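Coordinates in review
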Amino acid sequence: MTKTDTTTRTARTRTASCACGGLKLTLAGEPTSVYACACQECQRATGSAFAYRAKYPKTAITGVTGERRSWRRGSDAGRWIEQTFCPTCGTLLFMEAEVIPNDIVISVGCFTDSDFAPPAALFWSGRRHGWYQLADGIATP
């Protein structure tokens, strides 16, 4: 990797926004991972067959603007997950979890970035809808 490639990757800034634009989260750099999850909780939270998310260190956050509400739920492992959404339009923008206290997980669709990395893994793949076929190279841990 050249010095320019490294500089470009770490200098990139992305802003995730809810549907109405009232809640925004700005992050610097690239995510540490990008994944999809087909657990029933993610299906309910997104209203879709799976969630598509990017994990960043909390230190990457450069700004949060707008009103927000949070909802905390339990997980199968007995730990909490807190989902943060816009109170006006209801968009689930990001979440935090007890198991990853130094990270934040962003809903990738909120970036409206067509060149965002594809998911490297699909968690809870056994719960995915029968019509959904995985692309080659996506892990199913």
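Residues numbered from 1 in each chain as written. Predicted model: local features only at pLDDT ≥ 70, side-chain atom pairs only at ≥ 80, totals over all residues. Heavy atoms only, no water.

Notes on the nonpolar core
With 18 residues, the main nonpolar core has Leu27, Tyr56 and Ile106 as its most contacted residues. Within the residue set of this core, elements represented by two or more residues are strand S2 (24-28), strand S4 (51-57), strand S8 (92-97) and strand S9 (100-107). What Leu27 contacts, discounting residues up to four positions off in sequence, is Arg12, Thr13, Arg14, Tyr56, Ala60, Ile61, Thr62, Ile104, Ile106 and Phe111. Core analysis: the next-biggest nonpolar cluster, separate from the first, contains nine residues, Cys37, Cys39, Ile81 and Ala97 among them. (Core = buried A, V, L, I, M, F, W, Y, C linked by side-chain atoms within 4.5 Å. Buried < 20%, exposed > 50% of the residue type's maximum accessible area, 1.4 Å probe, protein only. Helix = DSSP H or I, 4+ residues; strand = E, 2+ residues; numbered from the N terminus. Contact = heavy atoms within 4.5 Å.)

Notes on the pairing of S4
In the case of a regular strand, side chains alternate between the two sheet surfaces. The sheet contact formed by strand S3 (residues 33-37) and S4 spans five bridges and is antiparallel. Looking across to S4, one finds that Tyr35 is bridged to Arg53. Here S4 pairs with S9 via five bridges, running antiparallel. In the strand pairing of S9, Pro57 is matched with Asp103. (Pairing = 2+ DSSP bridges.)

Quick notes on the environment of Arg79
Among the structural elements, Arg79 can be located in the loop between strand S6 (69-74) and strand S7 (80-85). In this structure Arg79 comes out as partly exposed when scored by relative accessible area, which is 40%. Here the alpha-carbon distance between Arg79 and Ala97, two residues 18 residues apart in the chain, equals 7.7 Å. Discounting residues that sit within four places of it in the chain, Arg79 has contacts with Arg73, Gly74, Glu98 and Val99.

Just geometry here; none of it tells us what the structure is for.
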